[in-house]
Amino acid sequence: QVQLVESGGGLVQTGGSLRLSCEASGPIRSINTMAWYRQAPGKQRELVATITSDGITNYVESVKGRFTISRDNPKNTLLQMNSLKSEDTGIYCCRATLTTPWGRSVENWGRGTQVTVSE
């Protein structure tokens, strides 16, 4: 069974940095797109950043220039977050669209990691 596990969240002061990691495991032929989402208390989930298998990235406007999504290896995706603001606080989850060894396209989500930015 495919699993995604996030790590790297925590408590940081405004202006600080954190690096999140999303590790995929299980029967995977290839990962097509990895994405990071976040959900702040009382708000809807928001797409933060995506990266394709070709390395094409996309970001929500509010994090451009501060966050960087990258692939550490084919099964691990990083989200480097710099110049953090209080509004970046939330639960960060990764989502992968991938192909199984049997040629099936599936989507998987991780459980999330908490990021708290204090002023």
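See the structure shown above.
This write-up is about the structure you can find in this document.

The rules behind these values
Residues numbered from 1 in each chain as written. Predicted model: local features only at pLDDT ≥ 70, side-chain atom pairs only at ≥ 80, totals over all residues. Heavy atoms only, no water. Core = buried A, V, L, I, M, F, W, Y, C linked by side-chain atoms within 4.5 Å. Buried < 20%, exposed > 50% of the residue type's maximum accessible area, 1.4 Å probe, protein only. Helix = DSSP H or I, 4+ residues; strand = E, 2+ residues; numbered from the N terminus. Contact = heavy atoms within 4.5 Å. Phe/Tyr/Trp six-rings, centres within 6.5 Å; stacked < 30°, edge-to-face > 60°.

**Topic: the nonpolar core**
The nonpolar side chains of a soluble globular protein tend to be buried with one another.
Moving on, step 1. In this structure, Trp36, Phe67, Leu79, Met81 and Tyr92 are the most contacted members of the largest nonpolar core, which totals 28 residues.
Moving on, step 2. Those elements that place two or more of their residues in this core are β3 (18–25), β4 (30–39), β5 (46–52), β7 (67–73), β8 (76–81), β9 (90–99) and β11 (113–118).
Moving on, step 3. When near neighbours in sequence (up to four residues on either side) are disregarded, tyrosine 92 contacts Glu6, Leu20, Trp36, Tyr37, Arg38, Val48, Phe67, Leu79, Met81, Gly112, Thr113 and Val115.

**As for the packing of aromatic side chains**
Moving on, step 1. Tallying each qualifying case throughout the model produces one aromatic pair.
Moving on, step 2. Aromatic pair tyrosine 37 and tryptophan 109: ring centres 4.8 Å apart, planes at 50°, arrangement tilted. Highlighted residues: tyrosine 37 in strand β4 and tryptophan 109 in strand β10 (residues 105–109), separated in sequence by 72 residues.
Moving on, step 3. Overall, tryptophan 109 belongs to the partly exposed group, its relative accessible area being 32%.

Coordinates in, geometry out; function isn't part of it.
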